[in-house]
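Close look at the chain arrangement
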Protein chains: 2
Amino acid sequence: MIQPRTLKGFRDYLPDVMMPREQMMQTAREVFRSFGFAPIDTPVLEHLEILTGKGSDETDRQIYRFQDNGKRDVGMRFDLTVPLARFAAQHIGTLGTPFKRYHIAPVWRGENTQAGRYREFVQCDFDTIGTESELADIEAVAVINQLLAALGFDAFTISLNNRVILTGLLAGLGLADRTVPVLRSLDKLAKIGREKTQAEMVSAAEISDEQAAAVLRLADCTGTPEEIFAMLPDVTAGNEQAAQGIARLKSIYEGAVAAGVPTRRLKIDVSIARGLDYYTGVIFETTLDDLVEIGSVCSGGRYDNLAGLYTKQHLPGIGASLGLDRLVAAMETLNLLPKASTPAPVMIAYFDESHRDDYLKLATNLRSAGIGTEIYPEPKKLGPQLKYADQKGFTYAIIAGDNEWQANKVQVKALAAKESSDIEYTHDAPEALTKFLAAD
Amino acid sequence: MIQPRTLKGFRDYLPDVMMPREQMMQTAREVFRSFGFAPIDTPVLEHLEILTGKGSDETDRQIYRFQDNGKRDVGMRFDLTVPLARFAAQHIGTLGTPFKRYHIAPVWRGENTQAGRYREFVQCDFDTIGTESELADIEAVAVINQLLAALGFDAFTISLNNRVILTGLLAGLGLADRTVPVLRSLDKLAKIGREKTQAEMVSAAEISDEQAAAVLRLADCTGTPEEIFAMLPDVTAGNEQAAQGIARLKSIYEGAVAAGVPTRRLKIDVSIARGLDYYTGVIFETTLDDLVEIGSVCSGGRYDNLAGLYTKQHLPGIGASLGLDRLVAAMETLNLLPKASTPAPVMIAYFDESHRDDYLKLATNLRSAGIGTEIYPEPKKLGPQLKYADQKGFTYAIIAGDNEWQANKVQVKALAAKESSDIEYTHDAPEALTKFLAAD
């Protein structure tokens, strides 16, 4: 006998968790579609050179890779951005620009497992490719707001920054070539504090203490958006590129407000940098106000050139990625998930075998009226059937024996309230029952 | 520069194909849920011994397999049945029986590629585990009917058989131990014809010509369900086990009719066998009447014991698998897919940059009314914007310049009909516009 088990770092999704997870994916699809983002899908397996082309050493090590039967070096995708870059390079001639896509799919990383982190998880990405317009940036903020709100969150914060501000400041300090290491250090500010960040900047980016201090003065600008926008020109010392970056960030902020994103959910945070070195413009992170500790649940930004490794066509764009499985895991830990493990509200007890066809017709009628209905599969005593209904979390059980069928009615038991009602019903006139069941 | 390409046998899904594909998956989910089937998900990667435990040599060869960083032998799932068996063995204590699940997910097979066949494809399975009740069998037929109908098909045929009939007949002929090779040969009847099937039966199953002829006499029973049920007792020569199998098949057929499955879609076909040797009861195949050549698009049946390799618990069940990607590929080949490549019906032209915030507010208002809306991302001339709208397949373009905004109206262009209408609109009173756009 083989021991049934999953691989380390992998997990099964049972119905009680899979139902809300699936609902969340569907909600995300609906939000993306409402903004005109179209779905795509790409293979899980790619030529290894596609996947390793852009990655850092760290990412490369995490790729699940092997030789297939045809001796090709292949790998499982570790994110949805690299496949998008390959996809765009290959198909943009057919697709045209601007191109707006979303992609909801699992990715794999053979990283060391920590609490709540898995080696297989779903990413939920959206991107607008082929335009440098600020409107696309504004829309990305509106999508994130709508996404989290539709998923049922109210208290969350979208932090916005524009990398151009820091890039300009660094250029003004004569440090244009140090942007990446400075950004990497700055990204740790929230975690390791100001002092250590400054020390790391000096050592890792090889800049002077004064230069590091100037960078951190920028990161120190906190307050309301209005206050920050008032401070920034001073801190960036009149640098022209920084000024343009500030103007664009302000315009994006104002556009997001015009698009209906509540100001309480918007924060300007010039200290966030996002480690990935391909972001070149606006960047954002999103935290749940009551669960800040799980980190950003939706992050992204603007990049200059998506697919430079695969095509000469210049493809600027903007996008973000929702950490859907991270949200699911957090909700699971916090017992925020509903308890039901059936997607149908109604269970018909299989009470009297001679009425099998009546149960079948009743179920078909209820489903036709949009009411999900399960028939208990075996003609058993009522006790075990009702126990099953309770455990699964059905809303109603319908009980109909010979007496009920002869009297043209059925008994509806509201399971949580433990209340029973007799409702008129015949196969030809199910309306009284469907109305009753649909009332909730 | 790295050449952007997919692996042989793999494909990208562009929006025009991915949109209907995604819609089909969602339709399938809704049908499954309406019958009380709950979703689960399992890892793509499993311990290799789990995957190879039950497979045939042929299947084993097709598994994408490798050693992971922890030197574990792992493989990518090649179907959803083996993972279900492992899942059930592991979790059935928590889940309880009966357990009804669906699973919509990709699987991988490194087989030689043929036209329209890929090495990665989505399967769409549903199963009821832990009951031998005929009601579950009837329900499976009702699910298949509802599934295909909801996917937009009208002319299709669900062929039903019960393996017990043949098993009984073979037992009567003293051939109980030859069931599997006889079934394998019989499964080829439609493809290779009667004569070759008989010859193969004789050679592969090592039975006599007379015994093969008796088996084929059973397969010869064709006609209406009523005619076939009248013929079968004769052909099975009063064998008791066969008689039980016939009675159950008849009861399932009648139950399916009671559940509302149109008789024109139901066929009794005692010649179908389904190669897999774990089916032990009712089996079904589904063909599209106008596309018989693509083979069965939804097949399955009843099995005695799902998870015998992983647990001592006896788990009978019934299920079927919809070949969703095979349907998508067929519809693509036949040009049956809609042509749009945007999921939003409305595009707002970005006509006048000074009204950016008005466009943003307009779009938010339309989305709030449930109308998917994209703003063209760049303030460009109208020509290219309308060309983009046409190519993507938007239904409406909304055009509003300074004149329109001052007159509290917008111009709505119905793109296919090339008709324009001026519709009243202000941000505070969008109803005239939302009603107009939602009218279709």
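It should be noted that the structure appears before, not after, this text.
Below: a short report on this structure. Here the residue numbering is sequential within each chain, running from 1 through the sequence in written order. Written order determines the labels here, with chains lettered from A and ligands numbered from 1. pLDDT decides what is reported in this predicted model: residues at 70 or higher carry local features, side-chain atom pairs at 80 or more are listed and counted, and totals for whole chains, interfaces and linings draw on all residues regardless. To obtain the side-chain values, all non-hydrogen atoms of the structure were included, while hydrogens and water were left out.

1. Observations regarding the relation of the copies chain A and chain B
Put simply, the rule is: Least squares is the method for superposing the copies, and the C-alpha atoms it fits come from residues with pLDDT of at least 70 in both. Note on contacts: a residue pair is in contact if any heavy atoms of the two residues lie within 4.5 Å.
With an RMSD of 0.1 Å, chain A superimposes on chain B once it is rotated by 180 degrees and translated 0.0 Å along the axis. What the superposition gives is, in effect, a two-fold axis relating one chain to the other. Minimal C-alpha distance to the rotation axis in chain A is attained by Phe 66 of chain A, lying at 3.0 Å. Here 100% of the contact residues of chain A are again contact residues in chain B; the copies associate through an equivalent surface.

2. Some details on the interface of chain A and chain B
So the rule is basically this: Reported buried area values correspond to the accessible surface (1.4 Å probe) lost by two parts on association, with both partners' losses combined. Whenever a carboxyl oxygen of Asp or Glu lies within 4 Å of a side-chain nitrogen of Lys or Arg, that contact is scored as a salt bridge.
Each partner contributes residues to the interface: chain A has 101 residues there, and chain B has 101 residues. When the two sides are added together, the surface that chain A and chain B hide from each other amounts to roughly 8,700 Å², 60% of it contributed by carbon and sulfur. Summed over the three residues of chain A that lose the most area to chain B, namely Ile 2, Leu 7 and Leu 135 of chain A, the buried surface amounts to 8% of that side. Put simply, chain A and chain B have 16 salt bridges between them. Across the pair Lys 100 of chain A and Glu 374 of chain B runs a salt bridge, and its minimum N-O distance is 3.9 Å.

3. What about helix H9 (residues 209–219) of chain B?
Residue and element names in this part refer to chain B. Let me state the cut-off plainly: Burial here depends on accessible area, computed with a 1.4 Å probe over protein chains only, as a share of the maximum for the residue type. Under 20% is buried, over 50% is exposed, and the range in between is partly exposed. Each helix is a run of H or I in the DSSP string that is no shorter than four residues. Each strand is a run of E no shorter than two, and both are numbered from the N terminus.
Of all 11 residues that make up H9, eight are buried, and the element is covered over most of its length. Listed in full, the buried residues belonging to H9 are Gln 211, Ala 212, Ala 213, Ala 214, Val 215, Leu 216, Leu 218 and Ala 219. Buried residues along H9 sit in contact with helix H6 (163–172), helix H7 (179–186), helix H8 (189–204) and helix H10 (225–235).

4. Remarks on the sheet that holds strand E8 (residues 266–268) of chain A
All names here are of chain A. Keep this limit in mind: One bridge is not enough; two strands pair if DSSP finds at least two bridges between them. Helix axes are fitted only over the stretch in contact, all axes being lines through C-alpha atoms; the angle between N-to-C directions runs from 0 to 180 degrees.
Across the sheet, eight strands lie side by side as E1-E5-E6-E11-E10-E9-E7-E8; this open sheet has mixed pairing. On the outer flanks of this sheet lie strand E1 (38–39) and E8, each paired with one strand and no other. Two strands pair when backbone bridges link them, and strand E10 (residues 298–303) and strand E11 (residues 317–322) are joined in this way by six bridges, in the antiparallel orientation. For Tyr 303, the partnering residue across the bridge sits in E11 and is Gly 317. Strands in contact with helix H12 (residues 324–333) are strand E6 (120–129), strand E9 (279–288) and E11; relative to E6, the strand with the most contacts, it is inclined by about 135 degrees.

5. Quick notes on the sheet that holds strand E13 (residues 373–375) of chain A
All names here are of chain A. Taken in spatial order, the five strands line up as E13-E12-E14-E15-E16 in an open sheet, and their pairing is mixed. Bordering the open sheet on either side are E13 and strand E16 (419–424), each of which pairs with just one other strand. Taking the axes of each pair of neighbouring strands and ignoring which way they run, one obtains an average angle of 25 degrees across the sheet. Note: strand E15 (residues 409–414) against E16, six bridges, orientation antiparallel. Among the inter-strand pairings, Gln 411 is bridged to a residue of E16, identified as Asp 422. Contacts from helix H13 (residues 356–368) reach strand E12 (346–348), E13 and strand E14 (396–399) within the one sheet, and its direction differs from that of E13 by about 165 degrees. Across the sheet, helix H16 (residues 431–438) is in contact with E12, E14, E15 and E16; its angle to E16 comes to roughly 150 degrees.

6. Concerning the packing of H7 of chain B against H8 of chain B
Geometry of a packed helix pair, given as the angle between the helix axes and the separation of the axes. All names here are of chain B. To keep it simple, the criterion reads: Any angle between 65 and 115 degrees counts as roughly perpendicular, while under 35 counts as roughly parallel, over 145 as roughly antiparallel, and the rest as oblique. Put simply, Ala, Val, Leu, Ile, Met, Phe, Trp, Tyr, Cys and Pro go in the nonpolar bin, Asp, Glu, Lys and Arg in the charged bin, and everything else, Gly too, in the polar bin.
Running from N to C, H7 and H8 point in directions that differ by 150 degrees, and their axes come no closer than 8 Å. Comparing their axes, H8 and H7 come out roughly antiparallel. On H8, the residues that touch Pro 181, Val 182, Ser 185 and Leu 186 of H7 are Leu 189, Thr 197, Glu 200, Met 201 and Ala 204. Partitioned by chemical class, the residues of the contact of H7 with H8 number six nonpolar, two polar and one charged.

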